[in-house]
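# Examination of the molecular architecture
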Amino acid sequence: MVGTEQLKADMAYVRAAAGRSETVHVRAYGFLWAVILLFGFSLVDFVNDPRWVNRYWMVASPIGFGLSIWLGRRAHRLAGQLDRQASTRWILHWLGYVAAGMLGNVLVISGQLQPAARGPLWVLLLALTYFQAGVHADRRLLPIGLLLAGCFLIMVFLPAFGSTVAGVLAAAALVAHALLGAPRRAPPR
């Protein structure tokens with residue numbers, strides 16, 4: 001049997017290692033999605049055919065999602081912190097957003113929601129998704145969720161270039177999040 005002193009020493013080692021470990025911050029997420037959102041939101045104001053906007057999102061979203069998974073796994077593997085359960089939770093979190101948005105499209109297809117409401121609906125769901133991620137996982141995502149709620153209001157009440165303004169604000173928030181980095185842990189006492 002291992003003695004009490006050995007267990008205490010082992011626990012102290014684990015505590016110190018955890019204290020030195022930092023949360024992996026993947027800056028590329030913010031830059032990637034800032035570009036995707038900026039172009040996608042702006043298309044609404046500059047392209048007269050909504051089919052082009054739909055085509056853009058049908059291509060950009062899956063590519064962005066796949067790149068996000070790849071970037072996240074790569075960064076966590078390089079840091080030695082690959083956690084499949086946490087990765088699966090994040091993937092399901094964002095797939096929930098996509099599923100809710102697709103179900104929202106059913107409202108448009110069935111005529112219960114005007115086609116012009118499709119974009120703001122997706123932004124509202126995105127605001128909720130970021131806010132929930134901030135509540136349950138990373139507090140630094142809360143302001144992005146709140147800002148996206150403001151973007152929703154801009155898109156609804158500012159018909160002329162509202163999507164572009166919302167895209168600029170959302171992109172700026174994501175870039176700021178990427179540049180600010182991961183929160184620093186206090187050194188162990």
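In the block above lies the structure referred to throughout.
Notes on the structure in this doc start here.

Cut-offs applied
- Residues numbered from 1 in each chain as written.
- Predicted model: local features only at pLDDT ≥ 70, side-chain atom pairs only at ≥ 80, totals over all residues.
- Heavy atoms only, no water.
- Core = buried A, V, L, I, M, F, W, Y, C linked by side-chain atoms within 4.5 Å.
- Buried < 20%, exposed > 50% of the residue type's maximum accessible area, 1.4 Å probe, protein only.
- Helix = DSSP H or I, 4+ residues; strand = E, 2+ residues; numbered from the N terminus.
- Contact = heavy atoms within 4.5 Å.
- Phe/Tyr/Trp six-rings, centres within 6.5 Å; stacked < 30°, edge-to-face > 60°.

## Points about the nonpolar core
Leu-37, Phe-41, Leu-126, Tyr-130, Ile-144, Leu-148 and Leu-174 are the most contacted members of the largest nonpolar core, which has 28 residues in total. Contributing elements (two or more residues each) for this core: α2 (27-46), α3 (50-78), α5 (118-136), α6 (142-157) and α7 (162-180). The greatest single-element share of this core, amounting to 7 residues, is contributed by α5. With residues near it in sequence (within four places) discarded, Ile-144 still touches Tyr-130, Ala-173, Leu-174 and His-177.

## Things to note about the packing of aromatic side chains
Aromatic ring pairs: the centre-centre distance and the angle between the two ring planes describe each pair. Under the defined criterion, the tally for this structure stands at 6 aromatic pairs. Look at Trp-94 and Tyr-97: their rings are 6.4 Å apart centre to centre, the planes differ by 80°, and that puts the pair in the edge-to-face class. Placement of both Trp-94 and Tyr-97 in helix α4 (residues 84-109) is noted, with a separation of 3 residues, approximately one turn of the helix. Measuring from ring centre to ring centre gives 5.1 Å for Trp-94 and Tyr-130, while their planes differ by 70°; the resulting arrangement is edge-to-face. Taken as a pair, Trp-94 in helix α4 and Tyr-130 in helix α5 lie far apart in primary sequence, 36 residues in all.

## Some words on unusual backbone geometry
For residues that are not glycine, phi is negative in most cases, and the peptide bond is trans in most cases. One non-glycine residue, Phe-161, adopts positive backbone phi at about 65°. Looking at where Phe-161 falls in the secondary structure, it is placed in the loop between α6 and α7. Accessibility expressed as a relative area gives 45% for Phe-161, which makes it partly exposed.

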